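# Coordinate inspection notes
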Amino acid sequence: MSNFVGFKEAVSVTKLLELINKFPTKSSYYFLRWTHAVSGIRKEQPKKTEFPMLEGQMFSHDFELRWKYKPQNNYEVLLLSINGNHPDFELLGEDWLVQEHNAYIYPATETRFPKGFKTQNVDVKQRYFIDKKTATVHFVALTTNK
């Protein structure tokens, strides 16, 4: 397998939901953000009624899919994957080195999160996508252990 970073621009909500449906696995998680709230880490896919949202992400052991709100109710989408090329996305960069690091989710009683922040019992990690030519970390993806 090879590492892949790709993007799509001007994706409608309908197309974004179709794209999300191409990726889900039993071990996928979601995190959604609005101006007034965050979803916490959850197993349920976003619904059309939850849009517009500022941004969101879907992650599993193999990939992280991120989306960010842009004008005219469109989204920019970024895919960070360890499973090779994805034809639906335009390639960003060419040669990515990946490093995995442990991560920690703080308990709900911790003051670092908004009141009512919920999370699934998920074993998370961080995956650094590093440009091999410059040794610069460009992206830090949230991922899970297998």
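Look up: the structure comes first, before these words.
Residues numbered from 1 in each chain as written. Predicted model: local features only at pLDDT ≥ 70, side-chain atom pairs only at ≥ 80, totals over all residues. Heavy atoms only, no water.

## Some points on the pairing of strand S8 (residues 124-131)
Burial within S8 is extensive, with six of its eight residues counted as buried. Two strands pair when backbone bridges link them, and strand S7 (residues 96-102) and S8 are joined in this way by seven bridges, in the antiparallel orientation. Looking across to S8, one finds that Val98 is bridged to Phe129. Here S8 runs beside strand S9 (residues 136-144); their pairing, made up of eight bridges, is antiparallel. Bridging from a neighbouring strand, Gln126 pairs with Leu142 of S9. Count of turn residues in the S8/S9 antiparallel hairpin: four residues, of which Ala135 carries a positive phi of about 60°. (Buried < 20%, exposed > 50% of the residue type's maximum accessible area, 1.4 Å probe, protein only. Helix = DSSP H or I, 4+ residues; strand = E, 2+ residues; numbered from the N terminus. Pairing = 2+ DSSP bridges.)

## Some points on the sheet that holds S7
Sheets are built from strands paired through backbone hydrogen bonds, the pairs being either parallel or antiparallel. Taken together, the three strands give an open sheet; going across it, the order is S7-S8-S9, and neighbouring strands pair in antiparallel fashion. Each edge of the sheet is formed by a strand with only one pairing partner; in this case those strands are S7 and S9. Strand-to-strand twist across the sheet, computed as the mean angle between neighbouring axes with direction ignored, equals 25°. (Axes fitted to C-alpha atoms, helices over the stretch in contact; angles between N-to-C directions.)

## What about the packing of aromatic side chains?
Applying the stated criterion across every chain, the model contains six aromatic pairs. Pairing Phe51 with Tyr75 gives two aromatic rings, centres 5.6 Å apart and planes at 85°, and the pair type is edge-to-face. Placement of the pair is Phe51 in the loop between strand S2 (29-33) and strand S3 (55-59) and Tyr75 in strand S5 (residues 74-81), with a sequence separation of 24 residues. You'll find Phe51 and Tyr75 in the same group, each marked buried. Plain terms: the ring middles of Trp96 and Phe139 are 5.9 Å apart, the flat faces sit at 55° to each other, and that makes the pair tilted. (Phe/Tyr/Trp six-rings, centres within 6.5 Å; stacked < 30°, edge-to-face > 60°.)

## Re the environment of Glu94
Tracing the backbone shows Glu94 in the loop between strand S6 (90-91) and S7. Using a relative accessible area of 69% as the deciding quantity, one classes Glu94 as exposed. In the structure, Glu94 is positioned 39 residues away from Lys133 in sequence and 9.6 Å away in space, judged by C-alpha atoms.

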